[in-house]
Amino acid sequence: MSDLWRRVARAESGDDYAEAYEQRFRRAAAEGADVHGEAAFVSALAPPPARVLDAGCGTGRVARRLAALGHPVVGVDDDAAMVEVARRESPGLTWHVADVATLDLDGPAFDVVVLAGNVVPFLAPGSLPTTLGRLATYLVDGGLLVAGFGTDAAHVPDGCPPGSDEDYAAAARAVGLVERARHGTWDGGAHDPASGYVVRVHARG
């Protein structure tokens with residue numbers, strides 16, 4: 001991931017951006033918002049105990065919910081402050097500080113790799129094909145790579161350029177991933193290019 005994330009995050013929340021990020025979702029959940037759409041989507045695609053890699057896990061919101069649903073899950077993020085919060089909140093889960101583009105993990109392959117929370121738009125410019133190719137190596141044959149991200153300014157944080165659905169699809173094809181589905185929401189709604197958000201599902205092999 002590029003330094004873009006750190007610049008945007010600190011502009012929003014200063015030095016306490018990791019704590020502020022976590023508290024934002026806690027407040028939303030307390031107000032009755034559904035903050036677990038990504039985990040529910042993944043779990044419906046690959047029921048537990050499917051093994052999941054949460055790539056760009058942030059403070060661990062998605063990974064924690066996946067674990068609660070019965071999935072063995074590993075969280076990875078290159079932002080040490082975010083991972084520190086994740087470790088504090090769920091010390092029993094496995095967390096790594098690492099760049100998803102150059103990931104080097106030991107252990108069994110995963111049934112699903114998920115990129116949630118606008119990870120894709122925050123990747124370093126030009127690194128998308130390399131990143132997807134690297135993540136694909138951690139999938140079992142037929143395993144799924146799932147990514148959701150904003151494709152217009154309204155669906156990404158201020159200061160972050162929108163992701164490109166076309167560029168993502170091209171990068172996935174270039175590394176041999178096979179398209180399985182495209183949705184407009186994490187609840188599986190139909191994709192509308194004008195909606196400003198996309199959820200992509202690709203398979204290895």
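Rules of the game
Residues numbered from 1 in each chain as written. Predicted model: local features only at pLDDT ≥ 70, side-chain atom pairs only at ≥ 80, totals over all residues. Heavy atoms only, no water. Helix = DSSP H or I, 4+ residues; strand = E, 2+ residues; numbered from the N terminus. Buried < 20%, exposed > 50% of the residue type's maximum accessible area, 1.4 Å probe, protein only. Contact = heavy atoms within 4.5 Å. Phe/Tyr/Trp six-rings, centres within 6.5 Å; stacked < 30°, edge-to-face > 60°. Lys NZ or Arg CZ within 6 Å of the ring centre and 35° of its normal. Pairing = 2+ DSSP bridges. Axes fitted to C-alpha atoms, helices over the stretch in contact; angles between N-to-C directions. Salt bridge = Lys/Arg side-chain N within 4 Å of Asp/Glu carboxyl O.

From N to C terminus, the protein includes eight helices and seven strands. Sorting the 205 residues of the protein into buried and exposed places 49% on the buried side. Taking the contacts inside the protein whose residues are at least 6 apart along the sequence as the reference set, 67% of them involve residues at least 24 apart.

The next point concerns the packing of aromatic side chains. In total, this model carries two aromatic pairs according to the counting rule given. Relative to Trp186, the ring of Phe41 lies with its centre 5.5 Å away and its plane at 85 degrees, an arrangement referred to as edge-to-face. With Phe41 in helix 3 (residues 37-45) and Trp186 in the loop between strand 6 (177-183) and strand 7 (197-204), the pair connects residues that are 145 residues apart, well separated along the chain. Of the two residues, Phe41 and Trp186, both sit in the buried class. For the pair Phe149 and Tyr168, a centre-to-centre distance of 5.4 Å together with 45 degrees between the ring planes defines the contact as tilted. Linking Phe149 in strand 5 (residues 139-150) with Tyr168 in helix 8 (residues 165-174), this pair joins segments that are 19 residues apart in sequence. For the pair shown, Phe149 and Tyr168 are each scored as buried. Here the guanidinium or amino end of Arg51 rests over the ring plane of Phe110, the centre of that ring lying 4.3 Å away.

So, on to the sheet that holds strand 3 (residues 94-97). Strand order across the open sheet formed by seven strands is 3-2-1-4-5-7-6, with mixed pairing between neighbours. A single partner strand is all that each edge strand has here, and the edge strands are strand 3 and strand 6. Across the sheet, the mean angle separating the axes of adjacent strands is 20 degrees when strand polarity is ignored. Strand direction decides the pairing type here: strand 4 (residues 110-115) and strand 5, joined by five bridges, are parallel.

Scanning the model with the defined rule gives five salt bridges in all. When the shortest N-O distance is used, the salt bridge between Glu38 and Arg61 registers 3.0 Å. You can see Glu38 sitting in helix 3 and its partner Arg61 sitting in helix 4 (residues 61-68), a full 23 residues away along the chain. Assigned by exposure class, Glu38 and Arg61 land together as buried. Of the charged contacts, one joins Arg200 and Glu179 as a salt bridge, the two residues approaching to 2.8 Å between their closest N and O atoms. With Arg200 in strand 7 and Glu179 in strand 6, the pair connects residues that are 21 residues apart, well separated along the chain.

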